[in-house]
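# Per-entry structural report
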Amino acid sequence: LLAAGPGPGRAGVERERRDALREELLLSPLPTGDVAATFQFRTRWDADLQRGAVSHYRLFPKALGRLVAALGVRELHLALTQGFWRTRYWGQPPLQAPAGAELWVWFQPTVTDVDKAWKELSNILSGIFCASLNFIDSTNTVIPTASFKPLGLANGTDHHLLRYAVLPREVVCTENLTPWKKLLPCGSKAGLAVLLKAERLFHSSYHSQAVHIRPVCRDASCLAVSWELRQTLTVVFDFFSSGQGKKDWSLFKMFSRTLTDTCPLASQSKVYVDISPKNKEKELLEVSPAPTSIHEAIVQGDKKTYAVYDLLSPSLFNTSRSLNVQLKWKRPQDSSEMPIPILHAQRYVAGYGLQTGEICTLIYNTHPYRAFPVILLETVPWYLRLYVHTLTIITKGKENKPSYIHYQPAQDRRRPHLLEMLIQLPANSVTKITIQFERALLKWTEYPPDPNHGFYVGSSVLSALVPSVTAMKDVDVEQSPLFTSLFPSSDGSSYFVRLYTEPLLVNLPTPDFSMPYNVICLTCTVVAVCYGSFYNLLTRTFHVEEPSRGGLAKRLANVIRKFRGVPPL
Amino acid sequence: VCTSRFWFNYRHVANTLSVYRSVKRLGIPDSHIVLMLADDMACNPRNPKPATVFSHKNMELNVYGDDVEVDYRSYEVTVENFLRVLTGRIPPSTPRSKRLLSDDRSNILIYMTGHGGNGFLKFQDSEEITNVELADAFEQMWQKRRYNELLFIIDTCQGASMYERFYSPNIMALASSQVGEDSLSHQPDLGIGVHLMDRYTFYVLEFLEEIHPASQTNMNDLFQVCPKSLCVSTPGHRTDLFQRDPQNVLITDFFGSVRKVEITAEAISLDRDRAGFESKFPEEELATEPLKYAEQLPVAQIIHQKPKQKDWHPPGGFILGLWALIIMVFFKTYGIKHMKHVF
C-alpha cells in the first residue's frame, strides 16, 4: 500500500482503492434436519482487466487477474465438488455443482484460437488449484448451444466462444481447499474464513467450492464494467454423523470454531440464518444470540426471512469475544411436512450385461398448474455409443416432442456425445427420457490403473425458468445479500435455476490384463518346442559311430562265447 | 513420491506425507516440493476420519494437516510423468508447481515408496520403473546440470536393488531393505483398519522429529536409524558416488532449507516522487449506452436458432468410384450411341 503524502501520491491513493470485499455466510436448515452452510466471498474491482496494463493488485488475486488478462477470458466458472445435492429432500440449492470438477468458460471475441486458450487455461488452473484439470481435453469438452448463457455482462452470445468440461472422477480434498483459501484477501486468518477447517468441511454429505469470475455493472446506470470474483463454498452437515442425533446446530458444532473477529479488508461481513416459517405459521427456529437485524427477501421465488448478524457492528462483540450462532428447534419437526421442490430430477442406468444399457432421466414438475420449459444438456463419453433413434421422451403416457434438439455425435477418441433438448414440462407431471447405448472396447493401454471401478458419466445439466410463488421486485445488487444476486434476474415472475443429476458409474467390458504376459509365455514355449525340434531335425547331421571295443568284462564274455560257438556281443 | 493405489496401501501415502511434513517443517516451501500421491486416502470414502492421514495408531499425528499441496494426483502419477519431472522434459503448458526448477546449485532429496522388487518399483499396479531407467534419468540430470547433490531414499521391498545401477557422481542413496528382503509395515490401527506406516519410515520420522533447522546431525546418524532389531530388514546405503564424507554432510543440507539473513544497521530512504512511478490507471472509455446481462433461458431465440451450415465436401473416392462403375456398366451394356438419350 502506498503511504499518504503530498503531491500526486495522495490522488493516487484515493483512486487505488477501487476494490471491495464482501463476505457472507448463509446457514439454512434443510427439511431433513441437516444444515447447509454457504460461504460467499466477493471481491469487486472497478477496473477493466482487459484493457491497459494492470500491475497493482490489492484484493483481487494476482494469479487469477493475470489469467483473465492474458488468455482473454470473459467469464470463468470452476467448481470442485464432493457429494451430491439431493434436491428432492433438501430443496433447491442456491448454487449447485456436479460431482467432480466442472469448468466452463466464455472467451472474449478477440480470441482467435479458442481451443488452444482453453487447453492452456485448464493447465494453469490445475497448477493453481492442485486438481488434475490437465486431463481436460477434446474428449471431454463440449460446446453447448443453448445452456450456460453468460452470467455476466455480454453483448452477443456466439456459442463458439464457450467451452464446458466436467471431470466426474476428480477427488476434492484439503489440497484443493488450501490454494482456494490462499486466494482470499484475509486468507483463513480473520473474518468468516477462520471457520474453514478441512477436518470438519470434508466430514459432510456435500462439499462444493467454486470460483466465479465475471464482468458486472459498476452501478445502476451500467455504463462501466467492473470485474467480480466470487468464491463460494457450500457444505451440508449431516446430523447423523455429527453426533447425538439432536437436531440443534451451532457454529461450534459444525465447524469446531467460532467467529472471533472480522477481516479488516472486508467492507461488509454478515451471517444470515434462514428462519423462514413453513406454512406461514410462527417461526420454528430459534437463534441465539439475538441477531442485529431481520432481513426479508424473496429468494428463489419465495418469501424468506433471515436473521442477520453484522460482524462489523460494534454491538455484536460487546458481550463476548466470540460469536457462536446457535439454532434450536422450537417444536419437533414433522417429517410429513417436507416440502417438495417444484423441479427436481433423477438419472440412472438401466439394463443388464456388459454390452448394452439405457440411460433414463426422470424430470419432475410438481407445480400444480404452471408448465415451464427446461433445457437438458447431456455429455456422454465416446465409449458409450448412444443410439439416438432410441431416444424417447414420454410425459403422462404420451410422447413429448422437444422444441429444440441439438445432437452432436461422438468421434472415437476425439469428441464426446452432446445432446441438448428444450422440453416443455406440463404441470404436475413426470417426464421420462430414455436413450440406449452400447459399450465399446477400449485399447488395452487406454484403461486406467483401476478399470474394474467403472467409468463415470458426468451429470446432466437442467436449466429452467421456474415460476415463482411470489413475484420478485428489482433490487439493488449492492444492498441485497450476495446469495440473491448469483443469477441476473430478468423479470420477477420466474427465477432461473440450474440443477444437476447424479453422475453415473458404468462398467465397461474389461480385459484380463495378465493375458499379454500369458500369451508371450505360451507363444515362446510353443515356438521354442516346435521350431526348435524342427530346426534340430533339419539341420542336425548324423555320424556313424564305431562301436567301442568294450570293457574287460565284455572281452572276457566274447572269449567265452567264441568257445561256445555263439556270435559275440 | 507415493506409487501405490488402493486403500490397503494407506501406509505408503502416510510414509510420503510424513517425509513431506518434516521437510516443510524444516523450512522448504511448497514451491520447492513436488509431491506425487497415487491415490487419495484422506478423502477416501473408506476413511473413517476424512481429511486426515495418521502415522501412528491411536491417531496421534495427522500428517496430512491443513496446509498441503499435492502436485501430481491420482492418475497423473505415472513413470512417464516422474521421469519428465526429473529430466525437465515437460510439455510447455505445465504449471510451475509441477516442475522441478533446479539448477546446478540445488540439492535434491528424492523419497520414493511403494511396492517393489529386485530391480523395479511398481507404479499404480500397472507399470514399473526399473533401476536402469532411474540411473539413466539421474545421468541425464547430471549432464544437464540439474543437481549439485542428490539424496535418494527408497522404502520398498528389496529397495537396495534400485540404487545398484547408479553411475552419476554426487548421489547418496538409502534403502530400507537389501535384495532378497522384504520391508515390513509397522502397526495396524483397528479403527482405520489398515497398517498405518512402514517401519523404516516410521523410525526415520522419529529421527527427523528431533531435527530442527540449526541442528548439526550428519548423515552417519541417518544411516544408523533403523537397525535390524527394530526394522527386521537390513537398511542399506551407498556413498561411493558421493564426493564428500558422509560425516561432514548435515541432514539439513537435504531435508531443510536455511536462508542466510544478513542484518544491516544502515537506513535506506525510499524516494516518494520518483519519476518512473506510475500510480494512475489508464483513462477508461465509458460505454455510450448501458450494457446488459444476457438472458439465461431465451426460449424464442433458442428455438429459432439456425443450425450450423454443414460444410459441403466434394464426394469422396468411394462414391466417385461407384458412380464411375455404374456409368461404365451402362454404356458397355447398351452401347455408346445411347448417350444421346441420356442428354
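Looking up chain B in an unreviewed UniProt entry gives the name GPI-anchor transamidase, with the organism given as Atrichornis clamosus. The UniProt entry for chain B carries the following text under Pathway (unreviewed entry): "Glycolipid biosynthesis; glycosylphosphatidylinositol-anchor biosynthesis." Per its UniProt entry, chain B bears the Subunit (unreviewed entry) comment "Heteropentamer. Part of the GPI-anchor transamidase complex, consisting of PIGK, PIGT, PIGS, PIGU and GAA1. Interacts with GPAA1. Interacts with PIGT; this interaction, via a disulfide link, stabilizes the expression of GAA1 and PIGK and links them to PIGS."

Per an unreviewed UniProt entry, chain A goes by PIGT transamidase and derives from Atrichornis clamosus.

## Observations regarding the state of the cysteines
Tallied over the full model, the rule gives four disulfides over all chains. Linked covalently through their sulfurs, A:Cys173 and B:Cys43 form a disulfide whose S-S length is 2.1 Å. Sign of the S-S torsion, about 80° for the bond between A:Cys173 and B:Cys43, identifies this disulfide as right-handed. Of this pair, A:Cys173 sits in the loop between β6 (162–167) and α5 (174–182) while B:Cys43 sits in the loop between β1 (36–37) and β2 (72–73), placing the two residues on different chains. Each sulfur of the disulfide joining A:Cys217 and A:Cys222 lies 1.8 Å from the other. Linking A:Cys217 and A:Cys222, the disulfide has an S-S dihedral of approximately -60° and is accordingly described as left-handed. The pair A:Cys217 / A:Cys222 is uniform in exposure class, with both members buried. For the unlinked cysteine A:Cys530, the closest cysteine sulfur is that of A:Cys524, found at 13 Å. Here A:Cys530 falls in the partly exposed class, since its relative accessible area comes to 44%. In this structure B:Cys2 is not part of a disulfide, and its nearest cysteine sulfur, from B:Cys157, lies 14 Å away. Relative accessible area serves as the criterion here: at 0%, B:Cys2 is assigned to the buried category.

## Some details on the pattern of salt bridges
Across all of its chains, the model carries 29 salt bridges over all chains by this definition. As a salt-bridge pair, A:Arg230 and A:Glu228 come within 3.0 Å of each other at their nearest N and O atoms. A relative accessible area of 1% places A:Glu228 in the buried class. Between B:Arg244 and B:Asp253 there is a salt bridge; the shortest N-O distance is 3.1 Å. Here the residues in one salt-bridge network are A:Lys182, B:Lys24, B:Asp30, B:Asp67 and B:Glu69, joined through shared partners.

## A word on the confidence of the model for chain B
Of all residues in chain B, 92% attain a pLDDT of 70 or more, and the chain-wide mean is 87. Across the interface, the model reports ipTM at 0.84; the global pTM reads 0.86.

## Some points on the domain arrangement of chain A
Residue and element names in this part refer to chain A. Partitioning chain A into domains gives domain 1 (21–246) and domain 2 (343–506). Put simply, the middle of domain 1 and the middle of domain 2, counted by C-alpha atoms, are 21 Å apart. Facing 38 residues of domain 1, the contacting portion of domain 2 comprises 40 residues. Summing both sides of the interface, domain 1 and domain 2 together bury roughly 3400 Å²; the carbon and sulfur share of this comes to 59%. Area buried by domain 1 at its contact with domain 2 is led by Arg22, Gln92 and Arg169, which between them contribute 16% of it. A salt bridge links Arg169 to Asp450, with the shortest nitrogen-to-oxygen separation between them at 2.9 Å.

## Details of the pairing of strand β18 (residues 384–395) of chain A
Residues and elements named next belong to chain A. Judged from the eight bridges that link them, β18 and strand β22 (residues 429–439) form a sheet pairing that is antiparallel. Looking at β22, one finds that Thr392 is bridged to Thr434. Here two bridges tie β18 to strand β19 (residues 398–399), and the two strands are oriented antiparallel to one another. Opposite Thr395, over in β19, you have Lys398 as the bridge partner. Following β18, the chain reverses through two residues before pairing antiparallel with β19; Lys396 in that reversal takes a positive phi of roughly 50°.

## Here we look at the sheet that holds strand β11 (residues 285–288) of chain A
Residues and elements named next belong to chain A. Ordered by their spatial adjacency, three strands build an open sheet running β9-β14-β11, and the pairing between neighbours is antiparallel. Each end of this open sheet is capped by a strand with a single partner; those strands are β9 (249–250) and β11. Pairing of β11 with strand β14 (residues 326–329), which is carried by four bridges, proceeds in the antiparallel orientation. When the sheet's bridge partners are listed, Val287 is paired in β14 with Leu327.

## Quick look at the interface of chain B and chain A
The interface of chain B with chain A comprises 54 residues on the first partner and 71 residues on the second. Here chain B meets chain A over a buried area of about 5300 Å², counting both sides, of which 57% is carbon and sulfur. Across the contact surface, chain B and chain A share seven salt bridges. Note that A:Lys182 and B:Asp67 form a salt bridge whose closest N and O atoms lie 3.5 Å from each other. Connecting chain B to chain A are 19 residue pairs in polar contact (both at pLDDT 80 or more).

## Focus: empty space enclosed by the protein
Gaps between atoms show up when a probe of the same size as a water molecule is rolled over them. Residues and elements named next belong to chain A. Inspection of the entire model under this criterion finds seven cavities of 30 Å³ or more. Lining the largest cavity are 16 residues; nearest its centre among them are Leu95, Gln96, Glu102, His212 and Tyr500. If you tally residues by element for the lining of the largest cavity, the top one is strand β7 (residues 206–217), at three residues. Counted by class, the lining of the largest cavity contains eight nonpolar, six polar and two charged residues.

## Notes on helix α9 (residues 317–334) of chain B
Note that an α-helix has 3.6 residues per turn; residues three or four places apart therefore point the same way. The terminal C-alpha atoms of α9(B), which comprises 18 residues, lie 26 Å apart, in line with the 26 Å expected from a rise of 1.5 Å per residue. One or two residues past the end of α9(B) sits B:Gly335, with phi positive at roughly 90°.

## Some thoughts on the side chain of B:Arg238
Residues and elements named next belong to chain B. As for its placement among the helices and strands, Arg238 is situated in strand β9 (residues 236–238). Since its relative accessible area comes to 14%, Arg238 is described here as buried. Of note is the side chain of Arg238, whose polar atom sits 2.9 Å from the side chain of Asp240. Residues in contact with Arg238, not counting those within four places in the same chain, are Tyr163, Glu164, Arg165, Phe166, Ile171, Met172 and Ala173.

## Some thoughts on the environment of A:Pro511
Residue and element names in this part refer to chain A. Inspection of the secondary structure puts Pro511 in the loop between β26 (504–506) and α8 (515–539). For Pro511, a relative accessible area of 33% gives the class partly exposed. Along the primary structure Pro511 and Leu442 are separated by 69 residues, whereas in three dimensions their C-alpha atoms are 9.2 Å apart.

## A short note on the sheet that holds strand β12 (residues 293–299) of chain A
All names here are of chain A. Spatial ordering of the open sheet is given by β5-β6-β4-β3-β7-β8-β2-β1-β10-β13-β12, a layout of eleven strands whose pairing is mixed. Two strands close off the open sheet at either side, each with one partner strand: β5 (141–142) and β12. Bridging between strand β1 (residues 19–29) and strand β10 (residues 266–274) involves seven bridges; their strand directions are parallel. From the neighbouring strand, Glu23 faces β10, where its bridge partner is Ser269. Sitting on the sheet, helix α2 (residues 62–71) touches β3 (73–83), β4 (100–107), β7 and β8 (225–237), and the angle it makes with β3 is about 130°. Docked against the sheet, helix α4 (residues 114–129) engages β3, β4, β5, β6 and β7, running at close to 135° with respect to β4.

What counts, and where the lines are drawn
Residues numbered from 1 in each chain as written. Chains lettered and ligands numbered in written order. Predicted model: local features only at pLDDT ≥ 70, side-chain atom pairs only at ≥ 80, totals over all residues. Heavy atoms only, no water. UniProt positions renumbered as here; feature names shortened; annotations may be inferred. Disulfide = S-S within 2.5 Å. Helix = DSSP H or I, 4+ residues; strand = E, 2+ residues; numbered from the N terminus. Buried < 20%, exposed > 50% of the residue type's maximum accessible area, 1.4 Å probe, protein only. Salt bridge = Lys/Arg side-chain N within 4 Å of Asp/Glu carboxyl O. pLDDT = per-residue confidence, 0-100. Domains from an automatic or database assignment. Contact = heavy atoms within 4.5 Å. Buried area = accessible area lost by both parts, 1.4 Å probe. Pairing = 2+ DSSP bridges. Polar contact = N/O pair within 3.5 Å; in protein donor to acceptor, adjacent residues only side chain to side chain. 1 Å grid on protein atoms, 1.4 Å probe; cavity = no way out; pocket = protein on both sides within 12 Å on 5 of 7 lines; lining within 4 Å. Points joined across faces, edges and corners; volume = space filled by probe spheres on them. Nonpolar A, V, L, I, M, F, W, Y, C, P; charged D, E, K, R; others polar. Expected span 1.5 Å × (residues − 1). Axes fitted to C-alpha atoms, helices over the stretch in contact; angles between N-to-C directions.

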